Amino acid sequence: MTKIAIDGPAGAGKSSISKKVAKALGYIYIDTGAMYRTVGLKAVKCGIDTKDSEGVASILPTLDIDIRHEGVEQHIFLDGENVSDKIRTPEISMAASNVSAIPAVRVALVDLQRKLAENHDVVMDGRDIGSFVLPDAEVKIFLTASVEARAQRRYKELLEKSETVDFDAVKEDMILRDKQDSTRAVSPLVVAEGATVIDTSALNFEESVNAVIEHIRSSVR
Ligand code: DC
């Protein structure tokens, strides 16, 4: 089985690029951020403070998360409900970042992620895939872009969903999330050993996808 790990900060285009790359290679795409988002959503639904480790840990034993694939599209279900769209709000982005710093949450989700990668060729994206979840991945990529470029992309995405958004607020959220994700004690966002950094600030979507595919093809023979 071939494993491709794609890590990087929020808004670097990981999900859309990874999805396209997985399709081109005929691999399964696994979005691990969606799993942290779903735990965040569950905590919010239960009225639990997403920074309260004990409170969030208390929902884990009965957590019912299911991942299903339809072609390259990943759908995520919480308690039987497809929450793939509900988890894409600014509120849940921050909730995901908060719960992702809780060790018990990471233990539960990393276990699920490794199981999913056992029997398939995968492109898996997240923050700690190359450094911790799949340290033996054949290809490790750290996908990044300037904070300005990432905030612009996220702003456009939210506008397209016709949400009321303020660019400065999007950028502030991104800076805060970057800081939280890179400075937490467990599995912080780092460039994994052996990873290749690809900066997409000056690349459009198609160029970014091509840069990633070229790198993978030259690494996996
Ligand atoms: O990739 P994303 O924006 O959907 O991720 C949401 C949050 O989940 C992100 O702020 C950090 C966390 N996360 C993580 O800690 N580890 C991962 N492998 C993926 C996401």
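Computed from a prediction, not measured in an experiment: that's the story for all the values here.

> What should I look at first to understand helix H2 (residues 32–45) in this one?
Spacing of three or four residues puts side chains on the same side of an α-helix, whose turn is 3.6 residues. A rise of 1.5 Å per residue sets the reference length of H2, with its 14 residues, at 20 Å; its end C-alpha atoms lie 20 Å apart and thus fit the reference within 8%. Across the 14 residues that make up H2, a large majority, 11, are buried. All of the buried residues along H2 are Thr32, Ala34, Met35, Tyr36, Arg37, Thr38, Val39, Gly40, Leu41, Lys42 and Ala43. The residue sitting at the N-terminus of H2 and contributing the capping side-chain oxygen is aspartate 31; that oxygen lies 3.1 Å from the backbone nitrogen of glycine 33. Note on H2: the residue one or two positions beyond its end, glycine 47, has a positive phi of about 70°.

> Can you walk me through the side chain of serine 100 in this structure?
Relative to the assigned elements, serine 100 resides in the loop between helix H4 (90–99) and helix H5 (103–118). At 3.0 Å, the side chain of serine 100 and the side chain of arginine 184 are in polar contact. Not counting chain neighbours up to four residues away, the residues in contact with serine 100 comprise Tyr36, Arg106, Asp181 and Arg184.

> Just checking my understanding: could you explain the site of the ligand for this structure?
Taken together, 17 residues form the shell around the ligand, and within it Arg37, Arg106, Arg177, Asp181 and Arg184 come nearest. Between the ligand and arginine 127, the relevant distance is 2.9 Å, taken from an oxygen atom to a side-chain nitrogen or oxygen of the residue. Protein burial of the ligand: of its 450 Å² of free accessible surface, 98% is covered by the chains. Those elements that provide at least two residues to the shell around the ligand are H2, H4 and helix H8 (167–183). When its residues are assigned to classes, the shell around the ligand shows 3 nonpolar, 5 polar and 9 charged.

Cut-offs used in this document
Residues numbered from 1 in each chain as written. Predicted model: local features only at pLDDT ≥ 70, side-chain atom pairs only at ≥ 80, totals over all residues. Heavy atoms only, no water. Helix = DSSP H or I, 4+ residues; strand = E, 2+ residues; numbered from the N terminus. Expected span 1.5 Å × (residues − 1). Buried < 20%, exposed > 50% of the residue type's maximum accessible area, 1.4 Å probe, protein only. Polar contact = N/O pair within 3.5 Å; in protein donor to acceptor, adjacent residues only side chain to side chain. Contact = heavy atoms within 4.5 Å. Near = heavy atom within 4 Å. Areas by Shrake-Rupley, 256 points an atom, 1.4 Å probe, with all protein chains shown as cover. Nonpolar A, V, L, I, M, F, W, Y, C, P; charged D, E, K, R; others polar.

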